[in-house]
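Observations on the model geometry
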Amino acid sequence: MRRHIDPSELARDDRFNRVSTEMRFSDQRQVEQNNRIDGSAIDVHDRARRLMHGIFVGEIQALEGAGRTCFDFPVAGENGAGADPMAVPFALKLDMARQCWDEARHCEISVKLGDHMGMDIGEFFESTTLFEAACHADPVFRLAGVNRALEGLAIDVFNSMKEFGAAMTDPVLEFCEDWMLADEVTHVKMGSTWLREVTKTDKERQARALEFQKVVDGLFNFRGQRGEDADSSIRLARKFREMAGFTSSEVDVIAEMSRQSRAEVLTPV
Ligand SMILES: [Fe+2]
Ligand SMILES: [Fe+2]
């Protein structure tokens, strides 16, 4: 089997419509407005289903990304790995294999939750941002960009949706999100632990990976809608992030990034 595949090579049936990160962010407003495959205008109800669709395809790519990380790199200390700087500890691969199983379960939960919300598979575009971050040639950058940035975002989103489900007295939404949230805290913690372990003697590599994490985080500020303010539509789940190995100053940085985005959006031009 070939190592390091391209996002355009992901196996999908003809229900799926793929869009790259470059295309998605090249003219974000246009893609947002046309986010429905049939071109019809989206309303408030569509937005919740579009978010659910984004979560569903994110779960597929999280499964694919963790699987690639199991396979793409040699095991440190094994014959053939030699002095390969990209070799990883076997226990890291075991954690990624465990993550695959969790993500496969999340795919199934997401399909059922999508049914519950009236979402059709393929109704909206599939952005390949998560898998693109999971294609990085350095496994440490994958941990930073996927496990810490994007799955950190999943913690915030799932926690917000769980609270929304509770407020709407929708136990299906509330408990599905709660179960997935528990797994995501574990996945982010794996990212935090392995990123620090693998780079403990190479602080420069660690700093570059954390910079990559910041870039990915910056792509998903939702124009300041993710934050700690009471009216943030996606609340920053500080408690769960800290359980997952974020320091409080790292959470402060994300909160500040969001405040700045919000201020820019509100500033008249
Ligand atoms: Fe997941
Ligand atoms: Fe995950």
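Residues numbered from 1 in each chain as written. Chains lettered and ligands numbered in written order. Predicted model: local features only at pLDDT ≥ 70, side-chain atom pairs only at ≥ 80, totals over all residues. Heavy atoms only, no water.

A look at the coordination of the iron ion (ligand 2)
- Bound to the iron ion (ligand 2) on the protein side are Glu103 (OE), Glu151 (OE), Glu184 (OE) and His187 (ND1), at distances that span 1.8 to 2.2 Å.
- Around the iron ion (ligand 2), the four donor atoms are arranged such that angles at the metal cover 91 to 164°; this shape is classified as irregular.
- In primary-sequence terms, the residues that donate to the iron ion (ligand 2) follow E-x47-E-x32-E-x2-H. (Donors = N, O, S within 2.8 Å, 3.2 Å for Na, K, Ca; no water. Tetrahedral: all angles 85-135°; square planar, octahedral: opposite > 155°, others 65-115°.)

Here's the deal with the pattern of salt bridges
- One pass over the structure, following the stated rule, counts 22 salt bridges.
- With its nearest N and O atoms 2.8 Å apart, the salt bridge here joins Arg241 to Asp156. Taken together, the positions of Arg241 in helix α9 (residues 238–243) and Asp156 in helix α6 (residues 139–167) put the pair 85 residues apart, joining distant regions of the chain. Residue Arg241 shares its accessibility class with Asp156, and that shared class is buried.
- Across the pair Arg238 and Glu242 runs a salt bridge, and its minimum N-O distance is 3.8 Å. (Salt bridge = Lys/Arg side-chain N within 4 Å of Asp/Glu carboxyl O. Helix = DSSP H or I, 4+ residues; strand = E, 2+ residues; numbered from the N terminus. Buried < 20%, exposed > 50% of the residue type's maximum accessible area, 1.4 Å probe, protein only.)

Things to note about the coordination of the iron ion (ligand 1)
- For the iron ion (ligand 1), the full set of protein donor atoms is Glu59 (OE), Glu103 (OE), His106 (ND1) and Glu184 (OE), and the range of their distances to it is 2.0 to 2.2 Å.
- Geometry at the iron ion (ligand 1) is irregular, judged from the four donor atoms that bind it and their angles of 83 to 144° at the metal.
- Look at where the donors of the iron ion (ligand 1) fall in the sequence and you get E-x43-E-x2-H-x77-E.
- If you look at the iron ion (ligand 1) and the iron ion (ligand 2), they sit 3.3 Å from each other and are both ligated by Glu103.

Observations regarding the nonpolar core
- Core analysis: the largest hydrophobic core is formed by 43 residues, its most contacted members being Ile155, Val157 and Phe158.
- Elements represented by at least two residues in this core include exactly α3 (44–72), α4 (90–116), α5 (129–133), α6, α7 (171–198) and α10 (248–266).
- Considering every element that reaches this core, the biggest residue donor is α6, with nine residues.
- Residue contacts for Val157: discarding those within four places in its chain leaves Leu51, Ile55 and Ile234.
- Counting residues in each nonpolar core, the second largest holds 16 residues, with Ala66, Leu143, Met190 and Trp194 among its members. (Core = buried A, V, L, I, M, F, W, Y, C linked by side-chain atoms within 4.5 Å. Contact = heavy atoms within 4.5 Å.)

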